[in-house]
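Inside the fold
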Amino acid sequence: MRKAQDIWIDAKAARLGYADGAAFAEAFGLKPYRIGQLYHAAMRELHGDPSTVTTLSAQTREALVGAGLQFDSVAPVVVERSSDKQTSKGLFRLHDGKEVEAVLMEHNKDRNTVCISSQAGCAFACAFCSTGQAGYSRNLTADEIVDQARYFARELRAKGEKITNIVFMGMGEPFHNYDAVMEAVALLNDPKGFGLGHRHITISTVGLVEKIDQFADEGIQVNLAISLHAPNDAVRSQFMPVSKKYSTGQLLAACERYTARTRRKVFFEYIMLADVNDSDECAIALAAKMRGHLYHVNLIPYNSTPDAAFTGSSDARIWAFAKILEEANVPTTVRYNMGRDIAAACGQLRAQTQPKAQNATS
Ligand code: SAH
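1. Re the sheet that holds strand E9 (residues 223–227)
- Spatially, the 10 strands line up as an open sheet ordered E1-E2-E3-E4-E7-E8-E9-E10-E11-E12, and their pairing is mixed. Of all the strands in the sheet, the pair left with one neighbour each is strand E1 (75–81) and strand E12 (332–334). Strand-to-strand twist of the sheet, defined as the mean angle between neighbouring strand axes without regard to direction, takes the value 20°.
- Against the sheet, helix H6 (residues 142–157) makes contact with E1, strand E2 (87–93), strand E3 (99–107), strand E4 (111–115) and strand E7 (165–168), and its axis sits at roughly 40° relative to E3, the strand it touches most.

2. A closer look at the domain arrangement of the protein chain
- As far as domains go, the protein chain holds domain 1 (4–66) and domain 2 (75–361).
- Of note, the centres of domain 1 and domain 2, computed from C-alpha atoms alone, are 33 Å apart.
- Residue-level contacts link 15 residues of domain 1 with 20 residues of domain 2.
- Summed over both sides, the interface of domain 1 with domain 2 buries roughly 1400 Å², with 55% coming from carbon and sulfur.

3. Notes on helix H11 (residues 280–290)
- Buried within H11 we find Cys 282, Ala 283, Leu 286, Ala 287 and Met 290. With its buried residues spanning 135° around the axis, H11 presents them on a single face. Turned more than 90 degrees from where H11 packs its buried face, Glu 281, Ile 284 and Ala 288 sit exposed.
- Those residues of H11 that are buried are in contact with helix H9 (233–236), helix H10 (248–262), strand E10 (266–272), strand E11 (295–301) and helix H12 (315–327).
- Gly 292 occupies a position one or two residues after H11 and carries a positive phi of about 85°.

About the cut-offs
Residues numbered from 1 in each chain as written. Predicted model: local features only at pLDDT ≥ 70, side-chain atom pairs only at ≥ 80, totals over all residues. Heavy atoms only, no water. Pairing = 2+ DSSP bridges. Helix = DSSP H or I, 4+ residues; strand = E, 2+ residues; numbered from the N terminus. Axes fitted to C-alpha atoms, helices over the stretch in contact; angles between N-to-C directions. Contact = heavy atoms within 4.5 Å. Domains from an automatic or database assignment. Buried area = accessible area lost by both parts, 1.4 Å probe. Buried < 20%, exposed > 50% of the residue type's maximum accessible area, 1.4 Å probe, protein only. Arc of directions from axis to C-beta.

Right under this line is the structure:
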């Protein structure tokens, strides 16, 4: 894995048309410690561009600004705040006009969680998901992923607060953009830069088996969440096309290898869809597969989307489902639903502003 600072400067140099950070430094006659100052200014002090970085000479600042160097690779288009002011959802434009979403959830001054996107669109076409229905556009670069978090970190800093957790649960499939996501994790974690501990980062995947194995080998303490949503193939294949590539059995076997190798817990997300995956039979079948492992189930109330033909389970059904899991000694939580009034589910804000992209073929 490359050093975080090198990942960052290479990304910024590429945007300006230089082969890499070294070519960029040479073009501006910048010594290595100057690159360190730029990196610190962007990733630690959260400056948006070099014009305000007073550790640089006025002349250098002018040259860099003149060349078009920006620290922010994403620009906010709309930021909506929920009526309870606890959730802010941002739609961000990338340099090529593509748009992605990120969400800040402020949990009563105790946790500030940011949910970020790893791709513009998504290739996996889960039937209940707005992003999945709109198709895949492209991978994000590491800095485009990180800059969604930098945006909200800056907002929080103005109030004397910080991001405490980052989850890769926005648009896209993080393990379908594995290398950039790992680079983004390195950037977010770097103690000399953004400085967020690995344990405060969670990657959520639709369940790409080879990548789960690769991730287990990284030797980092980043949390793994799996969008399981069903106890078996018969149910999962009704709304998750990925189940044709990896069976539920193969997926759970990879999760077992992961816990054996890392001794870390796996979090399973289970979105509650009325009359699709929320029966007592489903709960009993799920409990049988979850119990006795280092697993945790998180039941997610469905955020209805305009383009999907699902209804969320009633609260009573969700709690009944949770009770079956708890009685089988499966650690279970029900996700508190934030930001419903601002369409905070994956892909919903973009779906309101953009036409559908091409459907994915991968
Ligand atoms: N591709 C990754 C991460 C993006 S989705 C993954 O599949 O995990 C992040 C989480 O949001 C997933 O668990 C996904 O199933 C869930 N999700 C998507 N649309 C939703 C909706 N309308 N309501 C509730 N959860 C949703």
